Amino acid sequence: MDYSQFLVMKQEIGLLVVFLLVFFYDLFMPQGSRKSLPGFTACCMTVLTVLGFFACACCPFFLGSSQEVSAFGGMYETSPVISAIKNILNIGAVIVLIQSVKWANNQNMHMRRGEFYMLLLVTLFGMYLMISARHFLLFVIGLECASLPLAAMVALDKQRYESQEAAVKYILTAVFSSAVFMMGLSFVYGLTGSLYFHKIYMAIAGPNSTLLIVALAFVMAGVGFKLSLVPFHLWTADVYQGAPTSVTSYLSVISKGATAFAFLVIFFQAFGCVYHQVWEWMLYALIILTITLGNLFALRQRDMKRFLAFSSVSQAGYIMLGIIGNNTMGVAALMYYILVYIFSNLAAFGVIGAIENATGKVSMDDYRGLSKTNPRLAFAMMLAMFSLAGIPPFAGFFSKFFIFTSAINAGTTAIYVLVLIALINTIISLYYYLLVVKAMYISPDECPVQHFKSSCSERLALGLTVAGIMFIGLVSPIYNWLLNLTSDAPGLLTWFVQ
């Protein structure tokens, strides 16, 4: 084997270097110096992200080529678009790392803080493999590498029964969804005799069979579990509520974003030729159910983590709208939407984490009068809710605008109806997001959260997320750059047939 092929995996190698640095820091540094481990990890990931964006935007030689580069017999592929996707995930990971500093250094977690950061980096490595995989064997390796360590992360808070219960629910769901996914892959292999995406594409281009429809249903269900699409979402609220808030924020944003990108890759490049004949209507049904039921369940929630869990279920439906655009604008809109979602959702979880770390309160009723006792936290939460709801001029409005526009460009009556349903659901989501704002600014404050001072890391993370919410939507070159990137190197859509 030519080991020089590993040099194609520059971002994966960079992430492994960060992992080794964190591992040796935690293993050999004196006990008193280990409190700096969260900051050290965040700095290393920041450097990796900056280098990744620099390489993607300014230095094609660093990537090896300005177009797609494959390795290991075509099992692995990278390109400027794929590198940009990984860098978007890195941005979310850096913010989560900064938010987690106070939690990781508390008395219950200080002996396990190293495990948290190493597990997080391992899951991120698995997500990298999922996005770059062009063979289902490598994809499954990445999928399990991204899924199984998350169960350990959910169970890190050993002092809370809810954390252990959430971990059991997550691992059982992950195992079941992987089994469903593998069953679908066995059908695909039986039909095509290959696990390469492009060979599967060529083999199923002829007449469709019942077994192909069943296989695609199983594959879509397996990915739907990871993405929390209805009706595969029932684990989401319990796991989000029971897991530590830093882990929940990582699950809700980074894991969901990586799975959405992986969904785009495998269904376009492996099954794109039968989109209109087989899985188009499956996807339409999942989108409608996910957006609608996610919104309806969110209306009933009073626990903030469960509230954002069902909100993230609904957001997954909107993310899927970028996939049905089946064009470069759809890919750019999907990347932009997830970038905006990272800042918006992490801002909300940053406020929740700060209040939980200081007071232990997570109920929406506890947020009454927050604008009087902690006005800065209330302001950050208000911006997050406005952005998630899609209120202009915040970034969430522009992300929804671009995602709807990319879907409408498909130009069919069914798409128009689907987008109309999504728009109606946006009005519903506006109501329940404003419930949080009402609690903070309007509702009577009988027992408000007392004034407290957030830690420096929490303030830094909130500052970054608020800046992203306020400015990303107004800085049009970001979306234009993503659109030009996907237009110049449309590798994700290479095999798609209109």
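Residues numbered from 1 in each chain as written. Predicted model: local features only at pLDDT ≥ 70, side-chain atom pairs only at ≥ 80, totals over all residues. Heavy atoms only, no water.

With that out of the way, let us pick up the overall build of the protein chain. Along its length, the protein chain carries 21 helices and two strands. Relative to the globule expectation of 23 Å for 498 residues, the C-alpha radius of gyration of the protein chain, 22 Å, shows essentially globular dimensions. Oriented by its inertia axes, the alpha-carbon framework of the protein chain measures out at about 65 × 55 × 45 Å. Counting only residues that meet the buried cut, the protein chain has 60% of its 498 residues in that class. (Helix = DSSP H or I, 4+ residues; strand = E, 2+ residues; numbered from the N terminus. Rg over C-alpha atoms; globule rule 2.2 N^0.38 Å. Buried < 20%, exposed > 50% of the residue type's maximum accessible area, 1.4 Å probe, protein only.)

Summarising the model, the protein chain shows a mean pLDDT of 82, and 92% of its residues fall at 70 or more. For the protein chain, helix H3 (residues 60-63) is the element with the lowest average pLDDT, namely 44, and helix H17 (residues 375-389) is the one with the highest, namely 89. Low pLDDT, under 50, characterises residues 60-65; the predicted model gives this stretch 11 contacts beyond four residues in sequence or across chains. Every residue in residues 494-498 is under pLDDT 50, and counting partners more than four places away or in other chains gives 14 contacts. (pLDDT = per-residue confidence, 0-100. Contact = heavy atoms within 4.5 Å.)

Our next topic: the pattern of salt bridges. Scanning the entire structure with this criterion turns up seven salt bridges. Between Asp238 and Arg306 there is a salt bridge, with its nearest N and O atoms 2.9 Å apart. In this pair, Asp238 sits in helix H11 (residues 235-242) while Arg306 sits in helix H14 (residues 304-324), placing the two residues 68 residues apart along the sequence. When its relative accessible area of 26% is taken as the criterion, Asp238 is described as partly exposed. (Salt bridge = Lys/Arg side-chain N within 4 Å of Asp/Glu carboxyl O.)

Quick look at the packing of H17 against helix H18 (residues 395-408) now. Where H17 meets H18, the closest approach of the two axes is 6 Å, and the angle between their N-to-C directions is 10°. Taken together, the axes of H17 and H18 are roughly parallel relative to one another. Crossing angle aside, the handedness with which H17 passes H18 is right-handed. Only Ala395, Gly396, Phe397 and Lys400 of H18 make contact with H17, whose side of the interface consists of Ser387, Leu388 and Ala389. Taken together, the residues of the contact of H17 with H18 break down into four nonpolar, two polar and one charged. (Axes fitted to C-alpha atoms, helices over the stretch in contact; angles between N-to-C directions. Parallel < 35°, antiparallel > 145°, perpendicular 65-115°, else oblique. Left-handed = near helix turned anticlockwise from the far one by under 90°. Nonpolar A, V, L, I, M, F, W, Y, C, P; charged D, E, K, R; others polar.)

Two numbers describe a pair of aromatic rings. These are the distance of the centres and the angle of the planes. One pass over the full model with this rule turns up 28 aromatic pairs. Taken together, Phe136, Phe139, Phe181, Phe197, Phe263, Phe267 and Phe271 form an aromatic cluster joined through their ring pairs. One cation-aromatic arrangement involves Lys400 over Tyr318; the distance from NZ or CZ to the ring centre is 4.9 Å. (Phe/Tyr/Trp six-rings, centres within 6.5 Å; stacked < 30°, edge-to-face > 60°. Lys NZ or Arg CZ within 6 Å of the ring centre and 35° of its normal.)

As for its position among the elements, Gln301 is in the loop between helix H13 (275-298) and H14. Polar contacts involving the side chain of Gln301 include one to the main-chain carbonyl oxygen of Phe297, which spans 3.0 Å. Other than its neighbours up to four places away in sequence, Gln301 contacts Arg306, Phe307, Phe310 and Met364. (Polar contact = N/O pair within 3.5 Å; in protein donor to acceptor, adjacent residues only side chain to side chain.)

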